[in-house]
Amino acid sequence: MNIYDISQRAGVSIATVSRVLNGSSRVSEATRRKVEQVMVSCGYTPNAFARGLGLGSMKTVGLLCADFADPYLAQAMAYLEAFLRDHGYDCLLGGCRDAQDRQNMLDLLLNKRVDGLILVGSSLVENDPALNQPILDAAKRVPVMILGAALDGPGIYSVFCDDRGATEDAVTQLLAHGCRRVLYLYHSPSYSGLKKLQGYRDALSKAEVPQDPALIRLMEGERANPTAVREELLRLRGTGLRFDAVMTSDDKLAQGALKYALKAGLNVPGELSIVGFNDSTLACCCEPELSSVDNKLHSQCAQCVDTLTAVLAGKDAPKRMVFSGELTRRGTTA
């Protein structure tokens, strides 16, 4: 059963059936009811792609995620999918790990005729502006939302947390409670990772606390899992490096710091304070529970979808929306 069969059974032209499918006002109510009754009696379900061609919209958004295995990004994808569904949009999901993957997935999603794109994860925006050309090119075809980073360009909209300010505030609070040797762990030199690192440095500078390069550690790839972090901190302890607090760029690294404290026999927070970032479900999956910076992920995702659907409806929308992070205190800080 197809559109041609429907037109014959309803005694109308193919163009009229198409108008009914597309919700056109150029069809009388009596004709619309007749065509719809034939569809129901025949059990006809219009092909989504064919409807999209007629409507100029597939009611579908492409979600491109930097890492499905990351609990924080996975939660973001779940929020976005739910919010988009509430707005009447379906999702096509794509994942990527490097620049070539990103290019391939952007091409694939665009070829599926999505109405818009949401890029999830700050690592999808490169520090080298020239490498962001694929995103700029995609924005010439559909609106592009970026969650977790900022990029300027026509058709590009960004929603992110003030990671620099949130990290500075968290480290400042550690210093205010007497910590002086704050170890900083981050898992990626991404847009967000570098902002957080600058926030750490800003806090030390404003408090006039000497900055020790040995207290800044990049834990990439497999070195970012909690067990590897524990072993690295034990190794650093063995070299004589001392620290009375650990600030991390995400909760997974903070869990590793907590495992280190347990292995080293350190009292938390008496001898070692620990602060994570993202306030993800991981923050409550340990004992004591982690103090962590809440970057308002739920609100960021809601704003992301609200902005994209507004743009798709032809409305004006701000190019950048910035959320303030807030430290949630639990058992790993005084």
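As the structure is a computational prediction, the values presented were derived from the model and not from experiment.

S.K.: Sorry if this is basic, but what is going on with the layout of surface pockets here?
M.R.: Any empty space left between atoms is shown by rolling a water-sized probe over those atoms. Taken as a whole, the largest pocket encloses approximately 1,100 Å³ of empty space. Lining the largest pocket are 48 residues, and of these Asp67, Leu73, Ser123, His187 and Ser188 lie nearest its centre. Elements with a minimum of two residues in the lining of the largest pocket: helix 5 (71-86), helix 6 (99-111), strand 5 (156-161), helix 9 (191-206) and helix 11 (251-264). Top element by residues in the lining of the largest pocket is helix 5. It accounts for four residues. Taken as a whole, the second largest pocket spans an internal volume of roughly 190 Å³. Along the wall of the second largest pocket there are 13 residues; nearest its centre are Gln75, Tyr79, Asp279, Ser280 and Leu297. At the level of elements, helix 5 and helix 12 (297-312) are the ones that each hand at least two residues to the lining of the second largest pocket.

S.K.: Even after reading the chapter, I still don't get unusual backbone geometry, so can you show me in this structure?
M.R.: With glycine set apart, most residues show a phi of negative sign, and most peptide bonds adopt trans. Cis geometry is found at the peptide bond from Val268 to Pro269, where omega equals 10°. Looking at where Pro269 falls in the secondary structure, it is placed in the loop between helix 11 and strand 9 (273-277). In this structure, the amide linkage connecting Glu287 to the following residue, Pro288, adopts the cis form with an omega of 0°. By secondary structure assignment, the location of Pro288 is in the loop between strand 9 and strand 10 (291-294).

S.K.: Help me understand empty space enclosed by the protein in this model?
M.R.: Enumeration according to the criterion identifies one cavity of 30 Å³ or more in this entry. Its volume calculated, the largest cavity comes out at about 50 Å³. Considering the residues around the largest cavity, the lining is formed by Ala170, Gln173, Leu174, His177, Ser273, Leu327, Arg329, Thr333 and Ala334. The greatest single-element share of the lining of the largest cavity, amounting to three residues, is contributed by helix 8 (residues 163-176). Considering only residue class, the lining of the largest cavity consists of four nonpolar, four polar and one charged.

S.K.: Would you mind going over helix 6 with me for this structure?
M.R.: Three or four residues apart is the spacing at which side chains of an α-helix point the same way, because the helix has 3.6 residues per turn. Compared with an ideal rise of 1.5 Å per residue, which puts 13 residues at 18 Å, helix 6 spans 18 Å between its outermost C-alpha atoms and is within 8% of the ideal. Taken as a whole, helix 6 has its buried residues at Arg102, Met105, Leu106, Leu109 and Leu110. The buried residues of helix 6 occupy one face: seen down the axis, they fall within an arc of 130°. Opposite the buried face of helix 6, by more than 90 degrees, sit the exposed residues Gln100 and Asn111.

S.K.: Teacher, can you tell me more about the pairing of strand 3 (residues 116-120) here?
M.R.: Two faces, one strand: in a regular strand the side chains alternate between the faces of the sheet. Taking burial as the measure, the five residues of strand 3 include five buried ones, the bulk of the element. Sheet topology note: the strand 1 (residues 60-65)/strand 3 ladder contains five bridges and is parallel. Considered in strand 3, the bridge of Cys65 is made with Val120. Pairing of strand 3 with strand 4 (residues 144-147) involves four bridges; the strand directions are parallel. Its bridge partner lying in strand 4, Leu119 is registered against Ile146. Crossover connection from strand 3 via helix 7 (residues 133-138) to parallel strand 4: handedness right-handed.

S.K.: It is not clear to me how the packing of helix 5 against helix 12 should be interpreted in this structure. Could you clarify?
M.R.: Between two packed helices, the angle of one axis relative to the other and the distance separating the axes together describe the packing. Remark: helix 5 packs on helix 12, axes separated minimally by 9 Å, with the N-to-C direction vectors making an angle of 45°. In terms of their interaxial angle, helix 5 and helix 12 are classed as oblique. Between helix 5 and helix 12 lies a crossing whose hand is right-handed. Two secondary-structure elements touch here, helix 5 through Tyr72, Gln75, Ala76, Tyr79, Leu80, Phe83 and Leu84 and helix 12 through Leu297, His298, Gln300, Cys301, Ala302, Cys304 and Val305. Partitioned by chemical class, the residues of the contact of helix 5 with helix 12 number 11 nonpolar, three polar and no charged.

Criteria and cut-off values
- Residues numbered from 1 in each chain as written.
- Predicted model: local features only at pLDDT ≥ 70, side-chain atom pairs only at ≥ 80, totals over all residues.
- Heavy atoms only, no water.
- 1 Å grid on protein atoms, 1.4 Å probe; cavity = no way out; pocket = protein on both sides within 12 Å on 5 of 7 lines; lining within 4 Å.
- Points joined across faces, edges and corners; volume = space filled by probe spheres on them.
- Helix = DSSP H or I, 4+ residues; strand = E, 2+ residues; numbered from the N terminus.
- Nonpolar A, V, L, I, M, F, W, Y, C, P; charged D, E, K, R; others polar.
- Expected span 1.5 Å × (residues − 1).
- Buried < 20%, exposed > 50% of the residue type's maximum accessible area, 1.4 Å probe, protein only.
- Arc of directions from axis to C-beta.
- Pairing = 2+ DSSP bridges.
- Right-handed = clockwise from strand over helix to strand, strands pointing away.
- Axes fitted to C-alpha atoms, helices over the stretch in contact; angles between N-to-C directions.
- Parallel < 35°, antiparallel > 145°, perpendicular 65-115°, else oblique.
- Left-handed = near helix turned anticlockwise from the far one by under 90°.
- Contact = heavy atoms within 4.5 Å.

Any link to function would need more than the numbers given here.
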